Amino acid sequence: MQKLSNLNRAAIRKTIIATLLFAAVSPAQAADVPPLKFDTAFETVDPYAQTAAMHRGMNVLGWDPVWQDPSQGRFQPRHFARLHDAGFDTVRVVLNAFPHMDDADRMDPAWLSTLDTMLTAAVQNGLTVILDLHDVRLCGVDAETCKRKANAFWTQIGTRYRDAPSSVIFEMMNEPHGALTAPVWNAMLPEILATIRATNPTRNVIIGPAGWSSADQLATFELPADDQHIIVTVHYYWPITFTHQGAHWVTETSGLSGVTWGTPTDRAKVATDFDAVKAWSDAHHRPIFLGEFGAYDRGDIVSRMRYDGTVARAAEARGFPWAYWQFDSDFIAYDMTTDDWVQPILYALVPPRG
Ligand code: BGC
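Attention here is on the structure that accompanies the text.

Rules used in this analysis
- Residues numbered from 1 in each chain as written.
- Predicted model: local features only at pLDDT ≥ 70, side-chain atom pairs only at ≥ 80, totals over all residues.
- Heavy atoms only, no water.
- Helix = DSSP H or I, 4+ residues; strand = E, 2+ residues; numbered from the N terminus.
- Expected span 1.5 Å × (residues − 1).
- Buried < 20%, exposed > 50% of the residue type's maximum accessible area, 1.4 Å probe, protein only.
- Polar contact = N/O pair within 3.5 Å; in protein donor to acceptor, adjacent residues only side chain to side chain.
- Bend = angle between axes of the 7 residues up to and from the residue.
- Contact = heavy atoms within 4.5 Å.
- Salt bridge = Lys/Arg side-chain N within 4 Å of Asp/Glu carboxyl O.
- Phe/Tyr/Trp six-rings, centres within 6.5 Å; stacked < 30°, edge-to-face > 60°.
- Pairing = 2+ DSSP bridges.

## Some thoughts on helix 5 (residues 109-124)
Here helix 5 is 16 residues long and its end C-alpha atoms lie 22 Å apart, about the 22 Å a rise of 1.5 Å per residue gives. Where burial is concerned, most of helix 5 is hidden: 13 out of the 16 residues are buried. Looking at where helix 5 begins, the residue whose side-chain oxygen comes 3.0 Å from the main-chain nitrogen of Ala110 is Asp108. The first or second residue beyond helix 5 is Gly126, which carries a positive phi of 75°.

## As for helix 8 (residues 182-199)
With 18 residues, helix 8 extends 27 Å between its outermost C-alpha atoms, agreeing within 8% with the 26 Å of an ideal straight helix rising 1.5 Å per residue. Remark: the principal bend of helix 8, roughly 25°, maps to Met188, with a proline, Pro190, within the next four residues. Those residues of helix 8 that fall on the buried side of the exposure criterion are Ala182, Trp185, Asn186, Met188, Leu189, Ile192, Leu193, Thr195, Ile196, Arg197 and Thr199. Packed against the buried residues of helix 8 are helix 7 (143-160), strand 4 (168-171), strand 5 (205-207) and strand 6 (230-236).

## Some remarks on the pattern of salt bridges
Across all of its chains, the model carries 17 salt bridges by this definition. Arg56 serves as the salt-bridge partner of Glu316, at 3.1 Å between the closest nitrogen and oxygen. Separated by 260 residues along the polypeptide, Glu316 in helix 11 (residues 301-317) and Arg56 in strand 1 (residues 56-60) bring together distant segments of the chain. For Glu316, a relative accessible area of 30% corresponds to the partly exposed category. Notably, a salt bridge pairs Arg92 with Glu292, separated by 2.9 Å at the nearest N-O pair. Of this pair, Arg92 sits in strand 2 (residues 90-95) while Glu292 sits in strand 7 (residues 288-293), placing them 200 residues apart in sequence. Taking the relative accessible area as the measure of exposure, Arg92 reaches 0% and is therefore buried. Look at Glu292 and you get buried, because its relative accessible area is 4%.

## Description of the packing of aromatic side chains
Counting across every chain of the model gives 23 aromatic pairs. Considering the side-chain rings of Trp63 and Trp325, the 6.0 Å spacing of their centres and the 75° angle between planes classify their relative orientation as edge-to-face. Note that Trp63 is positioned in the loop between strand 1 and helix 4 (78-86) and Trp325 in the loop between strand 8 (322-324) and strand 9 (334-335), a separation of 262 residues in sequence. Between Phe153 and Trp154, the ring centres sit 4.8 Å apart and the planes meet at 80°, which makes this aromatic pair edge-to-face. Considered together, Phe153 and Trp154 belong to a single accessibility category, that of buried residues.

## A few points about the pairing of strand 4
A two-sided burial pattern is seen for strand 4, the buried positions comprising Val168 and Phe170 on one face and Ile169 and Glu171 on the other. In terms of strand pairing, strand 3 (residues 128-133) meets strand 4 through 4 bridges, oriented parallel. Within strand 4, the residue paired with Asp132 across the bridge is Glu171. Bridge count for strand 4 against strand 5 is 2 bridges, and the pairing is parallel. When the sheet's bridge partners are listed, Phe170 is paired in strand 5 with Val205.

Right under this line is the structure:
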């Protein structure tokens, strides 16, 4: 896969300035904005070769105020260098995009400009960049509106980044669930894929199964056999009583505390679950990306270290790149108040060589 370290910084600056100028146009004109230009051309990459280069990743930027007001950003472009220097090769950029669309489903130019800035900075730091459409709330309750908006999103994003190097990957939709039952999702995903393929015929696209893309949901998953530029994603939060103890957004576990993790049985379950994912991957000839895993901050730090390390090593042992959930906000790997890593989490994810 192409490395991006030779990108011309001046050209990137020019591109960003041009994009900031476009930010002044109305949403109605936004669709006419030409594709962003990159110095490194797109080259078709085999999805197995792509995943082999992704290694260790981090979910970033999900609910950052930067999307509302660039001057209020917590995550700064310089954090991509911190990630790279700490041993990460990939970022999954979590895009809650639908609230930034107008009535005609056109993306807000200012939001796109922020994305340009972040994407170019990540590319410049040699990272694989996943653009993850993450509007789970609406998609979980309204499949038709979700499909319309997802198609509009990928039309605009596909056009804008059609010239991006192959290290930029599109993730069709985070954690389909609820209204997106397995049959609904399996029928919908080829339509959204066709939208992406109109502008990006061979860029690798990440897609996960319904049922929150949980690692145990692959049996329900159907992909178009004629598209071989797909990477399959799964998420792993088992057991949720440990990983989501005290998490206010999960009713069943919000009242829990003091749940530990790390018995031989706990570890054996991870191995068994990941063996099953590997078996599915081999049988269907689709590479795997573990797009989310982690344990919420309320768990004790020793159990969280054990868990994060065990899951990351289980993925690596089977050739799956991974992305930890997440850099900032909750489950944090990086403390914005001290502007430094949460050392135990970093240590578990990227063990020092020695
Ligand atoms: C959801 C987040 C949640 C995380 C862990 C993500 O996919 O979008 O809201 O915090 O999973 O539960």
